[in-house]
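Now for the letters of each chain:
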Amino acid sequence: MSGFYNILKDIVMLDITMPEDYIFVNAATIHQLGIEGTAYYAAPRFMFSANATWQRVVKDEYMTGNSTADGEPQQNYMLHNGNTMGTPAFISNIMLACCPYAGTGRGFLRGGALWLRGIVSAQTKTWYRDIDMLSSYALVRECSQLCEVKPQCTVNLGVAYEWKHLDIDISLKNITNNQYRIGSALMFGVPRQGRQFLAKATLKF
C-alpha cells in the first residue's frame, strides 16, 4: 500500500472562447492525491496479482481567466466530482493464471508449459463533455452537455504455450463486448474497443 501526491502543470486544455487564436492552451495545473495497493503471489504453477487505485483532485488552477459572452466565468469542463474528465475515481485489476500442464510428453509437448489466465478490470463511473464546436464558435462561449459513463467491468481470457525458444499466445479481450466512450477534449467521447482477438508467436534467440 502506498500513497502519492501529483502536481501536474501546463496541462493542455480547450479554450473555445479564443476563435482568433489557438484554442488549445497550456493553462491548467492540478494537484492530485491518491492511494494505491498491490498484491502478488507466485507458485511454480499458479500466479495471482491484484492492484487498486483511488485518486482525487484536491486543488486546481486555471491561468486564462476568460469569461463567456454574458460575463460568467468560463465553464470548467476538465473536472467533475473531484476528478478530471474521463478519469475514474477508483480502478482495479485482478489477474489469475494457472499451469495445468507442464510437459512431460514427447516431441512438441516435451518440456513445454501451458498457461491459462483471466483478467478482470473494473472502474467507477466517469464523465466527459460533448462539445458543440459550431455553436461554440458562433456564440463565442462553450456550448456543451455533460455525459456520464456508467461503471465498467471488462473480462479478458488468454492461453499461452511456452516451449523451448517458442511462445504462442492467444488472447480474447473484453469478451462481453462491453462498449463505452472515454472522455475527450473534442466533440465526442472516444469509443473504447469492443471484443478483440489477438494471436501471436514469439521466437526467442
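Residues numbered from 1 in each chain as written. Predicted model: local features only at pLDDT ≥ 70, side-chain atom pairs only at ≥ 80, totals over all residues. Heavy atoms only, no water.

Asker: Let's hear about the overall build of the chain: which residues, and what values?
Answerer: Along the backbone of the chain there are one helix and 14 strands. Put simply, the chain has 205 residues, and 33% of those count as buried. Excluding contacts between residues fewer than 6 apart, the proportion of contacts in the chain whose partners are at least 24 apart in sequence is 60%. (Helix = DSSP H or I, 4+ residues; strand = E, 2+ residues; numbered from the N terminus. Buried < 20%, exposed > 50% of the residue type's maximum accessible area, 1.4 Å probe, protein only. Contact = heavy atoms within 4.5 Å.)

Asker: Explain the pairing of strand β7 (residues 113–123) residue by residue, including any values.
Answerer: Inspection of the sheet shows strand β6 (residues 90–102) paired to β7 by ten bridges, in the antiparallel sense. Bridge pairing in β7 links Ala102 to Ala113. Both β7 and strand β10 (residues 152–163) contribute to a ladder of eleven bridges, which runs antiparallel. Considered in β10, the bridge of Ile119 is made with Asn156. (Pairing = 2+ DSSP bridges.)

Asker: If you had to explain the packing of aromatic side chains to someone new, which residues and values would you point to?
Answerer: All told, the structure shown has one aromatic pair when counted by the stated rule. Here the aromatic rings of Tyr41 and Phe46 are separated by 6.3 Å at their centres, their planes lie at 50 degrees, and the arrangement is tilted. Its relative accessible area of 32% is what places Phe46 among the partly exposed residues. (Phe/Tyr/Trp six-rings, centres within 6.5 Å; stacked < 30°, edge-to-face > 60°.)

Asker: Residues and numbers for unusual backbone geometry, please.
Answerer: With phi around 50 degrees, Asn174 is a residue other than glycine that occupies positive phi space. On the secondary structure map, Asn174 appears in the loop between β11 (166–173) and β12 (181–182). Even without a glycine there, the phi angle at Asn177 is positive, about 55 degrees. Following the sequence through the fold, Asn177 ends up in the loop between β11 and β12. When its relative accessible area of 29% is taken as the criterion, Asn177 is described as partly exposed.

Asker: How would you explain the environment of Asn174 if you had to name every residue and give the values?
Answerer: Relative accessible area serves as the criterion here: at 4%, Asn174 is assigned to the buried category. Sequence-wise, Asn174 and Gln196 are 22 residues apart; in three dimensions their C-alpha atoms are separated by 6.6 Å. Apart from the residues lying within four places of it in its own chain, the contact partners of Asn174 are Thr154, Val155, Asn156, Gln193, Gly194 and Arg195.

Asker: Summarise the environment of Asn93; cite the residues concerned and give the values.
Answerer: Within the secondary structure layout, Asn93 lies in strand β6. Residue Asn93 is classed as partly exposed on the basis of its relative accessible area, which comes to 23%. Along the chain, Asn93 and Ala50 lie 43 residues apart, while their C-alpha atoms are 5.6 Å from each other. In this structure, Asn93 is in contact with Ser49, Ala50, Asn51, Val120 and Ser121, ignoring residues within four places of it in sequence. Polar contacts involving the side chain of Asn93 include one to the side chain of Ser121, which spans 2.5 Å. (Polar contact = N/O pair within 3.5 Å; in protein donor to acceptor, adjacent residues only side chain to side chain.)

Asker: Tell me what's going on with the pattern of salt bridges, and back it up with residues and numbers.
Answerer: A complete count under the given rule lists three salt bridges for this structure. The salt bridge partner of Asp169 is Arg117, with a shortest N-O separation of 2.9 Å. With a gap of 52 residues between them, Asp169 in strand β11 and Arg117 in strand β7 connect regions that are remote in the sequence. For Arg117, a relative accessible area of 24% translates into the label partly exposed. For the salt bridge of Asp167 with Lys204, the shortest nitrogen-to-oxygen distance reads 2.9 Å. Here Asp167, found in strand β11, pairs with Lys204, found in the segment after β14 (196–203); they are 37 residues apart in sequence, far enough to count as distant. (Salt bridge = Lys/Arg side-chain N within 4 Å of Asp/Glu carboxyl O.)

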